[in-house]
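Residue-level structural notes
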Amino acid sequence: MPALTREQIAFFHQNGYIAIGKLLEDDHIEILRREYDREFEAARKNNRFRNLAISNTDDLAAKNNAPAQMLQIMQMCERNMHYRQLIYHAPILDIAESLIGPNIQLYHDQALFKPAHNGDAVFWHQDNGYWQCTPANLVSCWLTLDDADAANGAMHVIPGSHLRPLAHERSSQTDALFDIGDQIDTSTAKIIYLPAGGAMFHHCQTLHHTSPNHTPRQRRAFAIHFMIPGTKREQYMPVSFSCPMLRMHI
Ligand SMILES: O=C(O)CCC(=O)C(=O)O
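Residues numbered from 1 in each chain as written. Predicted model: local features only at pLDDT ≥ 70, side-chain atom pairs only at ≥ 80, totals over all residues.

1. So, the site of the ligand
The full set of residues close to the ligand is L112, V122, D127, S140, W142, G153, H208, T210, A221 and A223. Of all the secondary structure elements, the ones that give two or more residues to the shell around the ligand are β6 (139-144), β10 (208-210) and β11 (219-227). A class-by-class count of the residues in the shell around the ligand yields five nonpolar, four polar and one charged. (Near = placed C-beta within 6 Å. Helix = DSSP H or I, 4+ residues; strand = E, 2+ residues; numbered from the N terminus. Nonpolar A, V, L, I, M, F, W, Y, C, P; charged D, E, K, R; others polar.)

Put into structure tokens, the structure is as follows:
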């Protein structure tokens, strides 16, 4: 049975996102929170994370002590078995299958942590502005381990924006992409409120951003980016064969 109704699938294709609500059980959320905190604590000591709020640097003190914190661990699934298991979680893959079909490969995953009080924003962007993948039909599952609202860093999306890819310019100094917030009309943006353990899926061209977190509540999120086998990257390089196949129907 498809995980999403026909109406939900149509909504996704028209709007470029779908909010799912609570997807994970409470005891599962507890385990994922514990492991998330453990991984970030280790990463903050062994320098295996990025602080997206500052220019790319290996300076551990600079990353840890920056007044703004938007912390990222890439490929949690290679560090932690609970997150390895999560990328194969059947209810998540069932939804991904409804959106991109039965052959699903991991592009990558990432933990995105906005600590309480000084969590920083992620500016408006389309994921494929970074990735430059073809065909541009990747979908992401964005999961939150805390209640996410407008104040602590919920996702904002612009419905229908996935139908128009935009140029994203890269800074030669930091390799980061420039904020394109001033080039787009954000008046139709929607805020996706999610409970802890909730999920939303978005298309790789959907414009999205998250606000700073100045609340006393942390916002721990985890994103899984799915592609179909054969997806190519910038200059038509095949995406790594070593990205695991998560589901295969041959
Ligand atoms: O978690 C966030 O704050 C931003 C996430 C995001 O931009 C993404 O998953 O593409």
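2. Section: unusual backbone geometry
Of note, the amide linkage connecting T134 to P135 takes the cis form, showing an omega dihedral of -5 degrees. With respect to the helices and strands, the residue P135 is situated in the loop between α6 (127-131) and β6. Even without glycine at this site, N47 takes up a positive phi of about 65 degrees. As for its placement among the helices and strands, N47 is situated in the loop between α2 (26-46) and β2 (50-51). Look at N47 and you get partly exposed, because 13 C-beta atoms sit within 10 Å. (Buried ≥ 20, exposed ≤ 12 C-beta atoms within 10 Å, placed from the backbone.)

3. Some points on the environment of A68
With respect to the helices and strands, the residue A68 is situated in the loop between α3 (60-65) and β3 (71-74). With 47 residues separating them in the primary sequence, A68 and P115 have C-alpha atoms 9.2 Å apart. Sequence-distant contacts of A68, defined by excluding residues within four places in its chain, comprise A53, N118 and D120. (Contact = placed C-beta atoms within 7 Å.)

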